[in-house]
Amino acid sequence: MSEEMVKEVVEETVEETAETAEAVSVWAGFEEKMKANTVITVEIAGVVKSGVVAYIDGVRGFIPASQLSAEYVEDLESWLGKTVDVMIIEAKEDEKRLILSGRKVARREERKKKFESIAVGSILEGTVESIKDYGAFIDLGDRISGLVHISQISTKRIKTPDEVLAVGDKVTVKVLSNEKRKISLSMRAVVEDAKKEEEAAAPKEETFHYKEKGKAATSLGDLLKDIQL
C-alpha cells in the first residue's frame, strides 16, 4: 500500500472516529437535557402519521399529536413551520429514537401561572390529600398542594391533625404565604376571620347615662300639703 493510500485510510478513520464521537456527544447531551427538563425551541419541519417532526442538533425528533400542545390538536398541517418550546421525554441512541413534548412545557407554564395567581389572603376550597404529624397537605387543584400546619388547623389545641381531619375531607383555607411554590394555608384563620366579621356586623346595645342636674323644684311635702286627710 502506497503512502498516499495509507494517508487516505488514516484520514477516513479519523473522520469516522470524530463523527462517532460527535454523535455520542449529541445523544449524551440529549440525556442531560431530558434529566434537567431543559426547554428547547424547535421548528416544526414536517407532518407525519400521528404527529410532527422537528430537528435538534441535526437529529430527527418526533412529537406525537398528543404531546404537541396542552390542548387537543386536530389540524397538524397548521403547525408546519411554527416554533414550539419542547422538552425531551425519550432519547434512545441505539434506536435513534428522540421523542419530544410541547405539552409538558405548556402544562408547566400553566402550573406556574396558577401558582402565581394564588394570592396571600385569598380564601380557597380544597381536599385533604395526606396527613402528617406536623400538619395536612391540601389539594387545591391543578396538581397544586399547600400545607396547613398543625397549629393552623383548629382554634382549639390538638395533638395530631387526624383528630380533626381525614383524607378526602373538603376544607376551606386561607392563604398565609406563597413563596418559591410553597404554599402555607390556614383553616384556623378562616374561622377567626368569620368570627370577627360576625362581631363587627352585630348590632351594638345602646347605653344611656342619666345624670340629675340641680334640685327638684317640687318636694314631696309640697305635693301633700294641700291634701286633707
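Quick note: structure is the one above.
One structure accompanies this document, and this report is about it. Treat the numbers as computed from the prediction; the structure is a model and nothing was measured. (Residues numbered from 1 in each chain as written. Predicted model: local features only at pLDDT ≥ 70, side-chain atom pairs only at ≥ 80, totals over all residues. Heavy atoms only, no water.)

A word on the pattern of salt bridges
Then step 1. If you walk through the whole model with that rule in mind, you get five salt bridges.
Then step 2. Between Asp-193 and Lys-174 there is a salt bridge; the shortest N-O distance is 2.8 Å. Residue Asp-193 is located in helix α3 (residues 188-201), and its partner Lys-174 is located in strand β10 (residues 170-179); the two are separated by 19 residues in the primary sequence.
Then step 3. Residue classification places Asp-193 among the partly exposed positions, given a relative accessible area of 24%.
Then step 4. Measuring nitrogen to oxygen at the nearest pair gives 2.9 Å for the salt bridge that ties Arg-188 to Glu-192. Remark: Glu-192 and Arg-188 occur in helix α3; sequence separation between them is four residues, near one turn of the helix.
Then step 5. Among the residues examined, Arg-188 registers a relative accessible area of 29% and is labelled partly exposed. (Salt bridge = Lys/Arg side-chain N within 4 Å of Asp/Glu carboxyl O. Helix = DSSP H or I, 4+ residues; strand = E, 2+ residues; numbered from the N terminus. Buried < 20%, exposed > 50% of the residue type's maximum accessible area, 1.4 Å probe, protein only.)

Observations regarding the pairing of strand β11 (residues 182-186)
Then step 1. Bridge count between strand β9 (residues 144-149) and β11: three bridges; the pairing is parallel. Considered in β11, the bridge of Gly-146 is made with Ile-183.
Then step 2. Summarising the sheet, β10 and β11 pair through five bridges and their orientation is antiparallel. Paired with Val-175 across the bridge in β11 is Leu-185. (Pairing = 2+ DSSP bridges.)

Let's talk about the sheet that holds β9
Then step 1. Spatially, the five strands close up into a barrel ordered β7-β8-β9-β11-β10, and their pairing is mixed. The sheet shows a mean angle of 50° between the axes of neighbouring strands, taken without regard to direction. (Axes fitted to C-alpha atoms, helices over the stretch in contact; angles between N-to-C directions.)

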